[in-house]
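Okay, here's what each chain looks like letter by letter:
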Amino acid sequence: MSALRGKMKLWLCGLVVAFAIFVHVETYSTFEGQSEHHIHTRGIDEVNVPFHSYVPGYDATAAISDDESMKDFEPFDVELEGEYFWELIYHIDNTGQNNPYHETRKVTKTVKTSYSDLTKYVFDASLKISQSMEAGGKFEIISATVKHSMDLELSASYEKVVETKTESTVTEELTREFNVGANSVGSMYRLNYKGPGVSYATGTISSNNSMDLSKVIVNCRVKRLPMLQDIRVVYTKQSIERPENVITDRYGGSPDINSKHEGDYVWLVPVWTTKASKAVTGIQIVVQNEENKNYNDLAQGAKGLYRYLKMLRDPNSHTKIKRVGLLRSSTFIYGDRQKHGWDECTQDINVDRKGDWLHLCWNTVSV
């Protein structure tokens, strides 16, 4: 009976070992037979801060800069003011005339929109509400809403300028009737609007310019755009311990940099900032024979060369990294990086070792 128990213990141990091997190897299965490139992006469109790590003892706010808080990345509201005003477009002196004066004229309605002008007003207004943004920092206007306005065209103009983020001018020719009574003086005024990002010569014509015109309040929803400050290299012994905000593969491949190799699971966690002065301008992969204890090895626990990730900061560069991701394939693809939507990529992280071609790629923004 004791012999039977011993065999069962050996069988159970073998089962546990086999399962552990399967857990580590199962992430490789998605790469088998794939020739398609694997791309993942993590940047301003989907950054989630702060993240909650499954790694015991690991800083749970490592997805953002140490001197910033989640509030710095949250959208906030900025109120701007615009105004309507009357413009004299027609004056006729019909005194001394016994007949009324009548004329048909063409009036050009014009709507000009400018996203750059709107952003300037938003930046200046943010200084007054303790939401000031660092000079050179980037932000995006999510929405612009005209409060309590019955002017649908004005509201639509603000929606358009936020959606297109461009400059535009739209004109329309209208026909209007002008009448001045006999022995009378007549003036006609056009209703215009001037505000942040939008100027609007309407088609509304009136002989009365004394009507009260209240201020127009435009509410802008704004968010700061994160820029890459650093990438932290995190090691775990099990795949389930991976941090939540790792740079992953879009098509389901393993985000483990050590995938298909021995050693620890190696994850890359981006750290974001809203401050242009702290953002990196480039990324470099350094592969060498000697260990450098100032950096974390991307091939931790694997045999062979040491592989390090180095953040580049060029003080003379106005180009910062706004999006970062992996480009992984079973075939050589470095020359195709722009075809896949990337501005720049590192050299192959897996150079001189077997496995996929693996690059860290990024998109940039000018500040």
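In short, a report on the structure. (Residues numbered from 1 in each chain as written. Predicted model: local features only at pLDDT ≥ 70, side-chain atom pairs only at ≥ 80, totals over all residues. Heavy atoms only, no water.)

### Some points on the sheet that holds strand β4 (residues 101–114)
Here comes step 1: Strands sit in the order β5-β9-β3-β7-β8-β4-β6 across an open sheet of 7 strands; the sheet is antiparallel. Edge positions in the sheet fall to β5 (139–146) and β6 (167–180), since each of these pairs with one other strand and no more. Recorded for the sheet is a direction-independent mean angle of 25 degrees between the axes of neighbouring strands.
Here comes step 2: Bridge count for β4 against β6 is 14 bridges, and the pairing is antiparallel. Bridge pairing in β6 links K106 to T175.
Here comes step 3: Of the strands in this sheet, β3 (76–93), β4, β5, β6, β7 (185–195) and β9 (215–224) are in contact with helix α2 (residues 115–126), which crosses β5 at around 95 degrees. (Pairing = 2+ DSSP bridges. Helix = DSSP H or I, 4+ residues; strand = E, 2+ residues; numbered from the N terminus. Axes fitted to C-alpha atoms, helices over the stretch in contact; angles between N-to-C directions. Contact = heavy atoms within 4.5 Å.)

### Points about the nonpolar core
Here comes step 1: In terms of nonpolar packing, the biggest core is built from 27 residues, with L154, Y158, Y193 and C220 touching the most fellow members.
Here comes step 2: Sorting the residues of this core by element identifies β3, α2, β5, α3 (152–164), β7, β8 (198–206) and β9 as the ones contributing at least two each.
Here comes step 3: When residues no more than four places from it in sequence are discounted, the contact partners of L154 are Y84, V146, Y193, V198, Y200 and V216.
Here comes step 4: Listed in part, the 23 residues of the second largest apolar core include I283, I321, I349 and L358. (Core = buried A, V, L, I, M, F, W, Y, C linked by side-chain atoms within 4.5 Å. Buried < 20%, exposed > 50% of the residue type's maximum accessible area, 1.4 Å probe, protein only.)

### Considering the pattern of salt bridges
Here comes step 1: For the coordinates displayed, the defined rule picks out 14 salt bridges.
Here comes step 2: Between E79 and K147 there is a salt bridge; the shortest N-O distance is 2.4 Å. Of this pair, E79 sits in strand β3 while K147 sits in the loop between β5 and α3; the two residues are 68 residues apart in sequence, bridging distant segments of the chain.
Here comes step 3: Residues E83 and K215 are paired through a salt bridge, measuring 3.4 Å at the closest nitrogen-oxygen approach. (Salt bridge = Lys/Arg side-chain N within 4 Å of Asp/Glu carboxyl O.)

### Topic: the pairing of strand β16 (residues 357–366)
Here comes step 1: Among the 10 residues that make up β16, 7 are buried, leaving the element largely enclosed by the rest of the structure.
Here comes step 2: Across 2 bridges, strand β15 (residues 344–345) lies against β16 in antiparallel orientation. Within β16, the residue paired with E344 across the bridge is W362.

### Let's talk about unusual backbone geometry
Here comes step 1: Of note, H148 is a non-glycine position whose phi angle comes to about 50 degrees, a positive value.
Here comes step 2: Structurally, H148 can be placed in the loop between β5 and α3.
Here comes step 3: Here H148 falls in the exposed class, since its relative accessible area comes to 84%.
Here comes step 4: Look at D352: it is not a glycine, yet its phi comes out positive at around 65 degrees.
Here comes step 5: Here D352 shows up in the loop between β15 and β16.

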